[in-house]
Amino acid sequence: QVMRGVIEEKTSRVVEVIISSVKPFQLMMGKIVGVGLVGLTQFLLWVVLTFGIVTVATTTMNTGSMKKTAKEQIMKQNQAIAPDASDAVHPEQGASPDDMGDVMQAINSIDFPVMIGSFLFFFLVGYLMYAALFAAIGGAVDSEADTQQFMFPITIPLILAIIMAQYIIREPDGAAAFWFSIFPLTSPVVMMIRIPFGVPYLQVILSMVLLLLGFLGT
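Fair warning: this is a prediction, and the values are worked out from it, not measured in the lab.

Draft legend 1. Main features of the overall build of the chain. In terms of helices and strands, the chain carries 10 helices and zero strands. Taken from the N to the C terminus, the helices and strands of the chain come in the order α-α-α-α-α-α-α-α-α-α. For the chain, the proportion of its 218 residues judged to be buried stands at 28%. Looking at the chain alone, contacts between residues at least 24 apart form 71% of all its contacts between residues at least 6 apart. By element, 69% of the accessible surface of the chain is carried by carbon and sulfur atoms, the whole surface being about 14100 Å².

Below you can see the structure in the form of structure tokens.
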């Protein structure tokens, strides 16, 4: 969208009027931020809906656990009175693990403030960097048909980061995970994969600084 906007303004020669009253950096930031806020609004809606689903699921699980505890107490009382009859009625009691409880325990162990804060930073600055790259492509061509040869090299780091995700999950502290999470073009994806496993603060700060410098340089 940013690239098409730049090409459109070049074609209609509107940019020649705008550039006479604002600096190029201000012009690019205005276009990038305008489109970025739309995407951020969508992600914020996802966060709110996710919290609602998790809250409802947690409440349901707690209610189910309370009912299960009460049922177990009744079963123990019945077993004390008539153990054979109790076993005959519920032979499967206690045989299967509570997988849903394990899932909810894993969700509750996530540090959501850290995850959301990290996500907002890496999404925003990562978006700004790639939007600046696509805006540069728009400034270098005269029509959208000429952009294909420039778009592929820019999308390669994103594709590579997604492909490497499964290996980084297996070894989040490895050398490949470290370098991919530091390199500005792949760090928005890879660092968010590593953070739930625990990352030293110095590495996170280094990744953030390099990503910010990469955007400003772009």
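Having seen the model, we can carry on.
Draft legend 2. Structural context of the confidence of the model for the chain. Summarising the model, the chain shows a mean pLDDT of 81, and 83% of its residues fall at 70 or more. Summarising per-element confidence for the chain, the mean pLDDT is lowest in helix α4 (residues 83-89) (49) and highest in helix α10 (residues 201-217) (91). In this model, residues 85-95 is a region of pLDDT below 50 whose contacts with residues beyond four sequence positions or in other chains number seven contacts.

Draft legend 3. Seen up close, a nonpolar patch on the surface. On the surface, F25, Y201, I205, V209, L212, L213 and L216 cluster together to form a nonpolar patch covering roughly 760 Å² of accessible area. Per-element tally for the nonpolar patch: the top contributor is α10, with six residues. By the element assignment, Y201 lies in helix α10.

Draft legend 4. Quick peek at the side chain of T186. Residue position: T186 is located in the loop between α8 (175-182) and α9 (187-194). Of the polar contacts made by the side chain of T186, one reaches the backbone oxygen of F180; its length is 2.6 Å.

Draft legend 5. How the structure looks around helix α7 (residues 148-170). Spanning 23 residues, α7 covers 35 Å between terminal C-alpha atoms, matching the ideal 33 Å at 1.5 Å per step. The sharpest bend along α7 comes to roughly 40°, located at M164. Restricting attention to buried positions, one finds in α7 the residues I154, P157, A161, M164, A165 and I168. Looking at the packing, one finds that the buried side of α7 touches α6 (112-140), α8 and α9.

Draft legend 6. Representation of the pattern of salt bridges within the structure. Under the criterion given, the structure shown has three salt bridges. E9 serves as the salt-bridge partner of K31, at 3.1 Å between the closest nitrogen and oxygen. Here K31, found in helix α3 (residues 24-81), pairs with E9, found in helix α1 (residues 2-12); they are 22 residues apart in sequence, far enough to count as distant. Under the relative-accessibility criterion, K31 is labelled partly exposed at 22%. Its salt-bridge partner being D173, residue R194 comes within 3.9 Å of it at the nearest N-O pair. Of this pair, R194 sits in helix α9 while D173 sits in the loop between α7 and α8, and the two are 21 residues apart along the sequence. On the basis of relative accessible area, D173 is assigned to the exposed category, the value being 60%.

Draft legend 7. Focus on the environment of M28. Checked against the element boundaries, M28 lands in helix α3. Non-local contacts of M28, meaning those with residues more than four positions away in its chain, are made with A132 and A135.

Draft legend 8. Local environment of the packing of α6 against α10. Between α6 and α10, the least distance of the axes is 9 Å, while the angle of their chain directions is 30°. The orientation of α6 with respect to α10, classified from their angle, is roughly parallel. Seen along the crossing, α6 lies across α10 with a hand that is left-handed. Contact residues: α6 offers F121, F122, V125, G126, L128, M129 and A132, while α10 offers S207, M208, L211, L212, G214 and F215. Counted by class, the contact of α6 with α10 contains 10 nonpolar, three polar and no charged residues.

What counts, and where the lines are drawn
Residues numbered from 1 in each chain as written. Predicted model: local features only at pLDDT ≥ 70, side-chain atom pairs only at ≥ 80, totals over all residues. Heavy atoms only, no water. Helix = DSSP H or I, 4+ residues; strand = E, 2+ residues; numbered from the N terminus. Buried < 20%, exposed > 50% of the residue type's maximum accessible area, 1.4 Å probe, protein only. Contact = heavy atoms within 4.5 Å. Areas by Shrake-Rupley, 256 points an atom, 1.4 Å probe, with all protein chains shown as cover. pLDDT = per-residue confidence, 0-100. Patch = residues over 30% accessible without salt bridge, like charges linked within 9 Å, V, L, I, M, F, W, Y side chains within 5 Å. Salt bridge = Lys/Arg side-chain N within 4 Å of Asp/Glu carboxyl O. Polar contact = N/O pair within 3.5 Å; in protein donor to acceptor, adjacent residues only side chain to side chain. Expected span 1.5 Å × (residues − 1). Bend = angle between axes of the 7 residues up to and from the residue. Axes fitted to C-alpha atoms, helices over the stretch in contact; angles between N-to-C directions. Parallel < 35°, antiparallel > 145°, perpendicular 65-115°, else oblique. Left-handed = near helix turned anticlockwise from the far one by under 90°. Nonpolar A, V, L, I, M, F, W, Y, C, P; charged D, E, K, R; others polar.

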